[in-house]
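Each chain, letter by letter, is given below.
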Amino acid sequence: MSLSSFSNRQIRWNRLLLKGCWVVFLLSIATEFLYLQVTELPAAQFISLYIVRPAAIMGVILIAAEISIRYFSKHHDYILITTATLLTYTVTFVHSSLEYLLFLLFFPILISIFYFQYKKLVYAILITGVAFAALLAFNGEIEERMSSAGVLTMAIILLVYSGIGFGILARGKEILSHLRSSYESNQELLVRTIMMDKLAKTDALTDTYNHMAYHEYTDYLVAQADKEVLQLHLAIMDIDNFKKINDTFGHKAGDVVLRKVASIARLKTGSNDFVARYGGEEFVILFTEKSFQEAFDLVEDIRKEIAASSHDTLDGSNVTVSIGLNAYIPGMGKEELFKLADAALYEAKRSGKNRTVIAQPEQTPQHLAASGSC
């Protein structure tokens, strides 16, 4: 997960926690109004002591928290823990006669666990201890009602809560470490799988797709073309007189020629086109999302670019290619698509080489027309 993504999620959680504090604020006011129905105190006194005064204090605390988070975003975690402590301190101070409310002081410790950081848990423990000490120091009723044993009990409970908090963080970090390790292992496996799949489908010499990849990809494209989802055209390109090149200049020179021809084909074709080495000096190009005229113009551009390129390994000589081009018709099938393109290639070779011939469906190779020439 990126740092920006983690930061955004943490901000979202902080916003949820702050909304939770507002909910607690509203619930406390609602609870006080319920108590107003059964209290023996005069209504005006009860409203003043237990509704207006604490509501005003908690409202100021929450507004201050909203402002602080906006202007001190780097410290929003500590601001929220402090806000929770002040809220629980206010509620406990106002209702000092209700001893069980002292347990609200441990609320900030629970909030700090959300952050999975020891330093924030320690901060929450310390500020909770300070809040409890402040209650004993500034609230005479609590000081009178709580014995030394009660203070000791609260201290022990604080330690127990702290221990539980540290235990939760330790276990959480252990699980997180395991998940991270598993994630990294899965990522490495995925990368290796992708690389192995690429290697299995790539021709090592020309860095184009190989024979196996061509058949796999063509099966998918033919299925789409049969549904008339896309247009599909196949060009078969063969380097002219390649055996003579190998015999005259050697196989290393022939390999250089293969790489150069493949490079020109890859550079000229688009991202939705497919270039593969079918075998030996023969390449196939599948065109999708192009009209037949666009496909024809493109293979002619490739043929002319190859013919115009000189090769140092051939003492500056040029090479040419012959191309057979066939347009797929729904229902034709993969085999017929290749057969007609191959027949057009044969005609290009027979009629002088260095040219593109368009296949004519339902016609024999002898009736194929030459459409491009040197």
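Residues numbered from 1 in each chain as written. Predicted model: local features only at pLDDT ≥ 70, side-chain atom pairs only at ≥ 80, totals over all residues. Heavy atoms only, no water.

Student: So, the overall build of the protein chain: which residues are in play, and what are the values?
Tutor: Looking only at helices and strands, the protein chain has twelve helices and eight strands in total. Over its C-alpha atoms the protein chain spans a radius of gyration of 39 Å, topping by over 25% the 21 Å that the globule rule assigns to 374 residues. The dimensions of the protein chain, computed from C-alpha atoms along their principal axes, are 115 × 45 × 35 Å. When burial is assessed residue by residue, the protein chain has 41% of its 374 residues classed as buried. Accessible surface computed for the protein chain: about 20,900 Å², of which carbon and sulfur atoms make up 61%. Taken as two groups, the 34 positive and 38 negative side-chain charges of the protein chain have centres that lie 4 Å from each other. (Helix = DSSP H or I, 4+ residues; strand = E, 2+ residues; numbered from the N terminus. Rg over C-alpha atoms; globule rule 2.2 N^0.38 Å. Buried < 20%, exposed > 50% of the residue type's maximum accessible area, 1.4 Å probe, protein only. Areas by Shrake-Rupley, 256 points an atom, 1.4 Å probe, with all protein chains shown as cover. Lys, Arg positive; Asp, Glu negative; His and termini not counted. Charge placed at Lys NZ, Arg CZ, Asp CG, Glu CD.)

Student: How would you summarise helix α2 (residues 43–71) if you had to cite specific residues and measurements?
Tutor: Helix length check: α2, at 29 residues, gives a terminal C-alpha distance of 40 Å against a target of 42 Å (1.5 Å per residue), a fit within 8%. At leucine 49, α2 is bent by approximately 25°, the largest bend along its length. Considered for burial, the residues of α2 that qualify are Phe46, Ile51, Pro54, Ala55, Met58, Gly59, Ile61, Leu62, Ala65 and Ile69. (Expected span 1.5 Å × (residues − 1). Bend = angle between axes of the 7 residues up to and from the residue.)

Student: I'd like to hear about the pairing of strand β3 (residues 282–288), residue by residue, with values.
Tutor: Of all seven residues in β3, seven are buried, a share of seventy percent or more. Side chains Glu282, Val284, Leu286 and Thr288 of β3 all project onto a buried face; the interleaved residues Phe283, Ile285 and Phe287 project onto the opposite face, where all are buried too. In the sheet, strand β1 (residues 232–239) pairs with β3 via seven bridges, with the strands oriented antiparallel. The partner of leucine 232 across the bridge, within β3, is threonine 288. (Pairing = 2+ DSSP bridges.)

Student: Now, about the packing of helix α9 (residues 242–249) against helix α10 (residues 251–268): what can you tell me, with residues and values included?
Tutor: At a closest axis distance of 7 Å, the pairing of α9 and α10 adopts a crossing angle of 135°. By the angle class used here, α9 and α10 are oblique. Where α9 abuts α10, its residues Phe242, Ile245, Asn246 and Phe249 lie against His251, Ala253, Gly254, Val257 and Leu258. Taken together, the residues that form the contact of α9 with α10 break down as six nonpolar, three polar and no charged. (Axes fitted to C-alpha atoms, helices over the stretch in contact; angles between N-to-C directions. Parallel < 35°, antiparallel > 145°, perpendicular 65-115°, else oblique. Contact = heavy atoms within 4.5 Å. Nonpolar A, V, L, I, M, F, W, Y, C, P; charged D, E, K, R; others polar.)

Student: Please set out the pattern of salt bridges residue by residue, giving values where relevant.
Tutor: Taken as a whole and judged by the stated rule, the model has 14 salt bridges. Linking arginine 15 and glutamate 66 is a salt bridge whose minimum nitrogen-to-oxygen distance equals 3.1 Å. Taken as a pair, arginine 15 in helix α1 (residues 3–36) and glutamate 66 in helix α2 lie far apart in primary sequence, 51 residues in all. When its relative accessible area of 34% is taken as the criterion, arginine 15 is described as partly exposed. Relative accessible area serves as the criterion here: at 24%, glutamate 66 is assigned to the partly exposed category. When salt bridges with common partners are traced through the structure, they connect Asp238, Asp240 and Lys349 into a single cluster. (Salt bridge = Lys/Arg side-chain N within 4 Å of Asp/Glu carboxyl O.)

Student: So what's going on with the layout of surface pockets? Which residues, and what values?
Tutor: Reported here for the second largest pocket is a volume of approximately 580 Å³. The wall of the second largest pocket is formed by 29 residues, among which Ser28, Glu32, Val91, His95 and Leu101 lie closest to the centre. Listing elements by their share of the lining of the second largest pocket, those giving two or more residues are α1, α2 and α3 (76–94). Residue composition of the lining of the second largest pocket, grouped by class: 21 nonpolar, seven polar and one charged. (1 Å grid on protein atoms, 1.4 Å probe; cavity = no way out; pocket = protein on both sides within 12 Å on 5 of 7 lines; lining within 4 Å. Points joined across faces, edges and corners; volume = space filled by probe spheres on them.)

Student: Which residues make up the packing of α2 against α3, and what are the values?
Tutor: Orientation of α2 relative to α3, taken along the N-to-C sense of each, is 175°, at an axis distance of 10 Å. Taken together, the axis directions place α2 and α3 in an arrangement best described as roughly antiparallel. Residues Leu49, Tyr50, Pro54, Ile57, Met58, Ile61, Leu62, Ala65, Ser68 and Ile69 of α2 lie in contact with α3, whose contacting residues are His76, Ile79, Leu80, Thr83, Leu86, Leu87, Thr90, Val91 and Val94. Its residues placed into classes, the contact of α2 with α3 shows 15 nonpolar, four polar and no charged.

Student: Give a detailed account of the environment of arginine 53, specifying residues and quantitative values.
Tutor: Inspection of the secondary structure puts arginine 53 in helix α2. Relative accessible area serves as the criterion here: at 42%, arginine 53 is assigned to the partly exposed category. Arginine 53 sits 282 residues away from glutamate 335 along the chain, and the two C-alpha atoms are 87 Å apart.

Student: Describe the packing of aromatic side chains, with residues and values.
Tutor: The geometry of an aromatic ring pair comes down to the distance between the two centres and the angle between the two planes. By the definition in use, this model includes eleven aromatic pairs. Taking 5.9 Å as the distance between ring centres and 20° as the angle between the ring planes, the aromatic pair formed by tyrosine 118 and phenylalanine 166 counts as stacked. A residue pair is termed long-range when its members are at least 10 positions apart, and tyrosine 118 in helix α5 (residues 118–138) and phenylalanine 166 in helix α7 (residues 148–201) qualify at 48 residues. What makes tyrosine 118 partly exposed here is its relative accessible area of 34%. Assessed through its relative accessible area of 32%, phenylalanine 166 is described here as partly exposed. (Phe/Tyr/Trp six-rings, centres within 6.5 Å; stacked < 30°, edge-to-face > 60°.)

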